[in-house]
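# Observations on chain architecture
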Amino acid sequence: MTSTRLLIVGPQGSGKGTQGIRIADTFGVPVVSTGDIFRANIKEGTDLGLQVKAITDAGDLVPDEVTFAIVKDRLEQPDAAEGFLLDGFPRNVAQVALLDEFLTGRGEALDAVIELNVPREESLKRIALRAQEQGRSDDTEAAIAHRLDIYERETAPILAVYRSSGIVDTIDGVGTLDEITERIVAALEARGLARTAAA
Ligand code: AMP
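Residues numbered from 1 in each chain as written. Predicted model: local features only at pLDDT ≥ 70, side-chain atom pairs only at ≥ 80, totals over all residues. Heavy atoms only, no water.

## Quick word on helix α4 (residues 64–75)
- Compared with an ideal rise of 1.5 Å per residue, which puts 12 residues at 16 Å, α4 spans 16 Å between its outermost C-alpha atoms and is within 8% of the ideal.
- Those residues of α4 that fall on the buried side of the exposure criterion are D64, V66, T67, F68, I70, V71 and L75.
- Along its buried surface, α4 packs onto β2 (31–33), α2 (34–44), α3 (47–58), β3 (83–87) and α5 (93–105). (Helix = DSSP H or I, 4+ residues; strand = E, 2+ residues; numbered from the N terminus. Expected span 1.5 Å × (residues − 1). Buried < 20%, exposed > 50% of the residue type's maximum accessible area, 1.4 Å probe, protein only. Contact = heavy atoms within 4.5 Å.)

## Re the nonpolar core
- Among the nonpolar cores identified, the biggest contains 28 residues, and L75, F84, L86, L99, L110, V113 and Y162 are the most heavily contacted of them.
- A per-element tally of this core places α4 first, with five residues.
- Those residues in contact with V113 that sit more than four places away from it in its chain are L7, V9, L159, Y162, I167, V168 and D169.
- Core analysis: the next-biggest nonpolar cluster, separate from the first, contains 17 residues, L6, L85, A112 and I171 among them. (Core = buried A, V, L, I, M, F, W, Y, C linked by side-chain atoms within 4.5 Å.)

## Considerations on the side chain of D169
- Position of D169 relative to the elements: it lies in strand β5 (residues 168–172).
- Take D169: its relative accessible area is 13%, and that puts it in the buried class.
- When residues no more than four places from it in sequence are discounted, the contact partners of D169 are A112, V113, I114, E115, A187, L188 and R191.

## Re the site of the ligand
- Taken together, 17 residues surround the ligand, and among them T34, R39, D60, G88 and Q95 come closest.
- One nitrogen or oxygen atom from the main chain of G88 is found 2.8 Å from a nitrogen atom belonging to the ligand.
- At a separation of 3.0 Å, an oxygen atom of the ligand approaches a polar side-chain atom of R91.
- Within the complex, the protein chains bury 96% of what would otherwise be the 480 Å² of accessible surface of the ligand.
- At four residues, the largest contribution of residues to the shell around the ligand is made by α2.
- Residues belonging to the shell around the ligand are distributed by class as follows: four nonpolar, six polar and seven charged. (Near = heavy atom within 4 Å. Polar contact = N/O pair within 3.5 Å; in protein donor to acceptor, adjacent residues only side chain to side chain. Areas by Shrake-Rupley, 256 points an atom, 1.4 Å probe, with all protein chains shown as cover. Nonpolar A, V, L, I, M, F, W, Y, C, P; charged D, E, K, R; others polar.)

## Structural notes on the UniProt feature "binding site: ATP" (unreviewed entry) in the chain
- The feature "binding site: ATP" (unreviewed entry), as given by UniProt, occupies G13, S14, G15, K16, G17, T18, R130 and G175 in the numbering adopted here.
- Within the element layout of this structure, T18 appears in helix α1 (residues 16–27).
- Among the residues examined, T18 registers a relative accessible area of 38% and is labelled partly exposed.
- Contacts of R130, omitting those with residues within four sequence positions, involve G135, R136, D139 and R147. (UniProt positions renumbered as here; feature names shortened; annotations may be inferred.)

## Focus: the packing of α4 against α5
- Relative to each other, α4 and α5 sit at 30°, their axes nearing to 11 Å. The angle between the axes of α4 and α5 places the two elements in the roughly parallel class. In this structure, α4 crosses over α5, and the sense of that crossing is right-handed. Within the contact between the two elements, α4 uses D64, T67, F68, K72 and L75 and α5 uses A94, Q95, L98, L99 and F102.
- Of the residues belonging to the contact of α4 with α5, the class tally is six nonpolar, two polar and two charged. (Axes fitted to C-alpha atoms, helices over the stretch in contact; angles between N-to-C directions. Parallel < 35°, antiparallel > 145°, perpendicular 65-115°, else oblique. Left-handed = near helix turned anticlockwise from the far one by under 90°.)

## Overview of the sheet that holds strand β4 (residues 112–117)
- Taken in spatial order, the five strands make up an open sheet running β2-β3-β1-β4-β5, and their pairing is parallel. Taken across any chain shown, the strands that pair with only one partner, and hence form the sheet edges, are β2 and β5. Looking at each pair of strands side by side, their axes are set apart by 20° on average, direction ignored.
- Pairing analysis gives four bridges linking strand β1 (residues 4–9) to β4, with the strands arranged parallel. Opposite I8, over in β4, you have I114 as the bridge partner.
- Its contacts with the sheet put α1 on β1, β2, β3 and β4, and the angle it makes with β1 is roughly 165°.
- Against the sheet, helix α9 (residues 177–190) makes contact with β1, β4 and β5, and its axis sits at roughly 160° relative to β5, the strand it touches most. (Pairing = 2+ DSSP bridges.)

Okay, structure coming up:
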């Protein structure tokens, strides 16, 4: 049985959410997006939602233990047994260690890390557009700048960790949606990962 365990990394506005869905579809695995899980909980007014609303609105990171608990719970669902695409987790080096320990304990490892490269001006343009279209409560100017700073300071360093394992594919994130999807699929296929027949 082949498995496909993926992580997509990129700054806010890099298109990683959109590309993540397309790639997960193509390779027949579920998307596990911590941002989506937090937003759903906030919308439903759960305890978790109440706990994280102020943090996410400010563009700060939710504590590692809280975030890891929801990821662990999600990865233990049967549909993630043969693979998944992580979007938004891990987001700092401590979370890399938590994920690594969890996967190693199951005899698993990530197969590839997709790094979406987009210039900061392009990210800002795309987030401004999303703010108009979706009205996300954390897409205020201050929170956006703060999230991009956190990305550069805390998230970008996780790539060095994965680079040392030789699993990072750096993809140019500027182009049409289809062009970018094709670049990612080609990189993953070059690693021997197989798309599902239906895709
Ligand atoms: P995203 O949709 O990935 O941009 O996530 C939206 C918000 O959820 C972030 O700005 C954080 O406040 C929170 N969040 C998502 N993933 C994580 C994570 N791995 N660690 C901590 N906070 C997170």
